Amino acid sequence: MQGFTEKIVGMMKSERLYESQGGPIILSQIENEYGAQSKLLGSAGQNYVNWAAKMAVETGTGVPWVMCKEDDAPDPVINTCNGFYCDYFTPNKPYKPSIWTEAWSGWFSEFGGPNHERPVQDLAFGVARFIQKGGSFVNYYMYHGGTNFGRTAGGPFITTSYDYDAPLDEYGLIRQPKYGHLKELHKAIKMCERALVSTDPAVTSLGNFQQAHVYSAKSGDCAAFLSNFDTKSSVRVMFNNMHYNLPPWSISILPDCRNVVFNTAKVGVQTSQMQMLPTNTRMFSWESFDEDISSLDDGSSITTTTSGLLEQINVTRDTSDYLWYITSVDIGSSESFLRGGKLPTLIVQSTGHAVHVFINGQLSGSAYGTREDRRFTYTGTVNLRAGTNRIALLSVAVGLPNVGGHFETWNTGILGPVVLRGFDQGKLDLSWQKWTYQVGLKGEAMNLASPNGISSVEWMQSALVSDKNQPLTWHKTYFDAPDGDERLALDMEGMGKGQIWINGLSIGRYWTALAAGNCNGCSYAGTFRPPKCQVGCGQPTQRWYHVPRSWLKPDHNLLVVFEELGGDPSKISLVKRSVSSVCADVSEYHPNIRNWHIDSYGKSEEFHPPKVHLHCSPGQTISSIKFASFGTPLGTCGNYEKGVCHSSTSHATLEKKCIGKPRCTVTVSNSNFGQDPCPNVLKRLSVEAVCAPN
């Protein structure tokens, strides 16, 4: 541990990266979320925390060290908070700043589960709650989602995508409105900076669920945060002899204790709808190679001298996701099931994560665990014949254990019992027979995924492969890189489960397991937890797999897929991720940073009406206006509809200002739309514009 830490710190110092050397690094962290573990281990855990803290401080970085979720971090190390909310958090000493090291912007996905979206109104509310109470530093986790290329996924059943509903998505593209709304939040907080850093807040009640946090400094600087924790109702509150409307579950920020420049629940930035669109790339013809199951025990396998079943990771040493467990069973010709009786049943108990059962070379069935319960039992009838039958169980790991006490002791693979039921003599327990093992696949040993290894076998034209849904099959093709610079992905919808390589580099594990969950929409208001805002139920948890352009050559890129279950590779296509449409929905009196004036600046109190800003991706322009209504429109991006009040000039006004442009700005005011469509009613402008390539 010390060797590793000193090595990393030495590398940072040699590049002069610490703030103390004039570089950008302002904080260092030692350990991560060790607190729960430390408590379980008692005094040994406590001793380790103290040792790690002292060792880190002695490296002399010249910047503070932090430990997150470590209540007893010893001085001078600062204990910090990770979570969806951290306004409840207080550091363990009054002279330590309140630091939020992981503000969770979403949640990770697991194969077979839904995706999770955290509404930006709630994320902004969480951050504003932390700042209003005196928080000094916020770091988003994740701010930029990413991809677990290769076999690096962060734990069993975690998807290859680690998008996390982050402000910058897995492909590095801006996710709106999350990115823009948080940008406005931080602009508003920055306006309050002088007051925030010079005093502690005075907290007063404005109602049952409403409070004002006021930072009033001797210098005359004043900033206020007006919060409404009610999850259902908007509230009108009185503050400094003025009335303010607070939407449910929101905070208004007043950098001068007077003008609202931002409210966490009122999103004024655009919403971008992303789509996966076809590219001009066609795959060349597909060729296939079957993983040969008949030659499993031909010398490369391991036969144990002891009976019984071995743990998978100890055998594979993580050189492969795959481990074969092979045995045979002799069936006498007098067994009743051979003469029309009921077929025997095979029961396989596994500690995780998946198993494919082959009887005499034929796939008999598959079974899987889940992230919550990695253990599972396979039960299925088996078609045995008189004489010797070979049973080959392909156990598959889907990521390594990643969190919890002593996870090096967690088991993976088939530890039994493995039992056959339904013989005339009762059941047969195979667990203590002689088992043979083979680590990995023949194709892995021959390096079939690599441009150097593909010629080591005879590939068959896929058209000649009679059954496209053949399990344990390698598929290969070539493709040329598409024009442009849009982000790319492989659409794997027609496939089952396996791994993907491009030019010998591993894209990662794919699995088109359908997401089970509760996708009934969600309100931003109320405490967020991952089960709350689920999307994608009934669809593959992950259908698209990120292909970095930097991995591609202009032409003749090798794509190799290993399919465990059987799929149709001709359905695989290369797609590009781009903005299909942009929406905005802004009311007449939307909080506006331009309306912030401090009297001493001597500016006139002129009201600046808010604006709708629409912005397509680079290389795109606005090709049409799908919806526009100034009045009282209803709905959300993608399904707006007109309300009772609607200005008939809405569509024409937006077309005139936006068509053919990469971006446009439209003021939300009566003068822009000819006349007031409904006097004395608060109006809004809702727009959906279609973006198309130039």
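The structure displayed is predicted, hence computed values, not measured ones.

Caption draft 1: Layout of the domain arrangement of the chain. Assigned domains of the chain: these are domain 1 (177-266), domain 2 (302-358 + 390-439) and domain 3 (579-597 + 604-693). Distance between the C-alpha centres of domain 2 and domain 3: 62 Å.

Caption draft 2: View of the nonpolar core. Ranked by size, the top nonpolar core spans 48 residues in total, and within it Val 127, Ile 131, Val 138, Tyr 140, Leu 185 and Ile 253 carry the most contacts. Elements with a contribution of two residues or more to this core: strand S4 (99-104), helix H4 (120-132), strand S6 (137-141), helix H5 (178-191), helix H6 (193-198), strand S11 (222-228) and strand S14 (250-254). Per-element tally for this core: the top contributor is H4, with 8 residues. Apart from the residues lying within four places of it in its own chain, the contact partners of Ile 253 are Leu 185, Ala 188, Ile 189, Cys 192, Ala 224, Phe 225, Asn 259, Val 260, Val 261 and Phe 262. By size, the runner-up hydrophobic cluster in this structure holds 26 residues, among which are Tyr 325, Val 329, Val 357 and Ile 359.

Caption draft 3: Structural context of the UniProt feature "domain: SUEL-type lectin" (unreviewed entry) in the chain. In the numbering adopted here, UniProt assigns the feature "domain: SUEL-type lectin" (unreviewed entry) to residues 610-692. From the first C-alpha to the last, residues 610-692 spans 27 Å; its make-up is 11% helix and 37% strand.

Caption draft 4: Here's a closer look at the sheet that holds S6. Taken in spatial order, the 5 strands of this open sheet run S1-S2-S3-S4-S6, and their pairing is parallel. The open sheet has two edge strands, strand S1 (28-29) and S6, and neither has a second partner. With 3 bridges connecting them, strand S2 (residues 65-68) and strand S3 (residues 78-83) associate as parallel partners. When the sheet's bridge partners are listed, Val 66 is paired in S3 with Ile 78.

Caption draft 5: Just the sheet that holds strand S32 (residues 505-511), in detail. A sheet is described by the order of its strands in space; here 6 strands give the open sequence S28-S17-S29-S35-S31-S32, paired in antiparallel fashion. Edge positions in the sheet fall to strand S28 (460-461) and S32, since each of these pairs with one other strand and no more. Relative to strand S35 (residues 557-563), strand S31 (residues 497-502) runs antiparallel, the two sharing 5 bridges. Within S35, the position partnered with Ile 502 by the bridge is Leu 559.

Caption draft 6: Summary view of helix H3 (residues 43-57). Here H3 spans 21 Å end to end across 15 residues, near enough to the 21 Å set by a 1.5 Å rise per residue. Every buried residue belonging to H3 is among Gly 45, Val 49, Ala 52, Ala 53, Met 55 and Ala 56, and all of these are buried. Buried residues of H3, seen end-on, are gathered within an arc of 165 degrees and therefore sit on one face of the element. Every exposed residue of H3 that faces more than 90 degrees away from the buried side is listed here: Ser 43, Asn 47 and Lys 54. On the buried face of H3, the contacting elements are helix H1 (2-14), helix H2 (35-40) and S2.

Caption draft 7: Spotlight on the packing of aromatic side chains. Tallied over the entire structure, the rule returns 32 aromatic pairs. Consider the rings of Tyr 140 and Tyr 143, whose centres lie 5.8 Å apart with planes at 45 degrees: the pair is tilted. The buried category is assigned to Tyr 140, whose relative accessible area is 11%. For Tyr 143, a relative accessible area of 32% corresponds to the partly exposed category. Each member of the aromatic cluster is reached from another via a ring pair, and the members are Phe 84, Trp 104, Trp 107, Phe 108, Tyr 141, Tyr 162, Tyr 164 and Phe 528. We note Arg 118 situated over the ring of Tyr 85; from NZ or CZ to the ring centre the distance is 5.0 Å. It is Lys 476 that lies over the ring of Trp 459; its NZ or CZ is 5.3 Å from the centre.

Here is what the cut-offs are and how they apply
Residues numbered from 1 in each chain as written. Predicted model: local features only at pLDDT ≥ 70, side-chain atom pairs only at ≥ 80, totals over all residues. Heavy atoms only, no water. Domains from an automatic or database assignment. Core = buried A, V, L, I, M, F, W, Y, C linked by side-chain atoms within 4.5 Å. Buried < 20%, exposed > 50% of the residue type's maximum accessible area, 1.4 Å probe, protein only. Helix = DSSP H or I, 4+ residues; strand = E, 2+ residues; numbered from the N terminus. Contact = heavy atoms within 4.5 Å. UniProt positions renumbered as here; feature names shortened; annotations may be inferred. Pairing = 2+ DSSP bridges. Expected span 1.5 Å × (residues − 1). Arc of directions from axis to C-beta. Phe/Tyr/Trp six-rings, centres within 6.5 Å; stacked < 30°, edge-to-face > 60°. Lys NZ or Arg CZ within 6 Å of the ring centre and 35° of its normal.

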